[in-house]
Amino acid sequence: MSKYVYGGGQEVKAHTLVAGNTIRDNRSRGRIMIVEETGNQIYVRGYEQADTHIHRFLDPDETVILVTQSNTETTKDGVA
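Residue indices follow the written sequence of each chain, beginning from 1 at its first position. Given that this is a predicted model, residues contribute local features only at a pLDDT of at least 70 and side-chain atom pairs are listed and counted only at 80 or more, while totals for whole chains, interfaces and linings are drawn from all residues. Computation of side-chain values: all heavy atoms of the structure, hydrogens and water removed.

A.B. asks: I'd love a proper account of the environment of Gly-9, names of residues and values included.
C.D. replies: Within the secondary structure, Gly-9 sits in the segment before β1 (10-13). In the structure, Gly-9 is positioned 13 residues away from Thr-22 in sequence and 9.9 Å away in space, judged by C-alpha atoms. Each helix corresponds to a stretch of at least 4 residues labelled H or I by DSSP, and each strand to a stretch of at least 2 residues labelled E; elements are numbered beginning at the N terminus.

Pasting the structure below:
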């Protein structure tokens, strides 16, 4: 089973996101990113443990795909 098994989602503008939301990576649709900080730019990082080194800054007017219930046994949500 692939580690990227997420379906669905809703298109939203990045400025509507809040910390903790999960989105699809626009550069790699199978990768899920978690919102860490919001503001003039939105900071997101990889949600899977193998992808936590990947990060992006989003423009507030950028369209992204918001996904829910994307946590699995291999996600890293920052909670110790």
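Now that the structure has been shown, we can carry on.
A.B. asks: Kindly report on the packing of aromatic side chains, identifying the contributing residues and their values.
C.D. replies: Think of it this way: a Phe, Tyr or Trp ring, Trp meaning its six-membered ring, pairs with another when their centres are within 6.5 Å, and the plane angle makes it stacked under 30 degrees, edge-to-face over 60, tilted otherwise. Under the definition given, this model contains one aromatic pair. Ring centres 5.3 Å apart and planes at 45° place the aromatic pair Tyr-43 and Phe-57 in the tilted group. Taken together, the positions of Tyr-43 in strand β4 (residues 42-46) and Phe-57 in strand β5 (residues 55-58) put the pair 14 residues apart, joining distant regions of the chain.

A.B. asks: Requested: an account of the pattern of salt bridges, with residues and values cited.
C.D. replies: For this document, the term salt bridge refers to a Lys or Arg side-chain nitrogen within 4 Å of an Asp or Glu carboxyl oxygen. Scanning all chains against the criterion turns up four salt bridges. With a closest N to O distance of 3.0 Å, Arg-31 and Asp-25 form a salt bridge. One salt bridge in this structure joins Asp-25 and Arg-56, with 3.2 Å as the shortest N-O distance. Placement of Asp-25 in the loop between β2 (22-24) and β3 (32-37) and of Arg-56 in strand β5 is noted, with a sequence separation of 31 residues between them. Overlapping salt bridges bring together Asp-25, Arg-31, Asp-51 and Arg-56 as one network.

A.B. asks: Any details on the nonpolar core? Residues and values, ideally.
C.D. replies: Here, the term nonpolar core denotes a set of buried Ala, Val, Leu, Ile, Met, Phe, Trp, Tyr and Cys residues that are joined through side-chain atoms within 4.5 Å. Accessible area is worked out with a 1.4 Å probe on protein chains only. A residue is then buried under 20% of its type maximum, exposed over 50%, and partly exposed in between. In this structure, Val-12, Ala-14, Leu-17, Ile-23, Met-33, Val-35, Ile-42, Val-44, Ile-54, Leu-58 and Val-64 together form the largest nonpolar core, which totals eleven residues. Taken together, the elements giving at least two residues each to this core come down to β3 and β4. Membership of the second largest hydrophobic core comes to five residues, among which are Ile-32, Ile-34, Tyr-47 and Val-67.

A.B. asks: Got a sec to walk through the environment of Thr-16? Specific residues and values, please.
C.D. replies: Structurally, the position occupied by Thr-16 is in the loop between β1 and β2. Thr-16 gets classed as partly exposed once you look at its relative accessible area, which sits at 46%. The sequence separation of Thr-16 and Pro-60 amounts to 44 residues, and the corresponding C-alpha distance is 8.1 Å. Two N or O atoms count as a polar contact when they lie within 3.5 Å, although within protein this holds only if one can serve as hydrogen donor and the other as acceptor, and sequence-adjacent residues are included solely when both atoms are side-chain atoms. Of the polar contacts made by the side chain of Thr-16, one reaches the backbone oxygen of Lys-13; its length is 2.7 Å.

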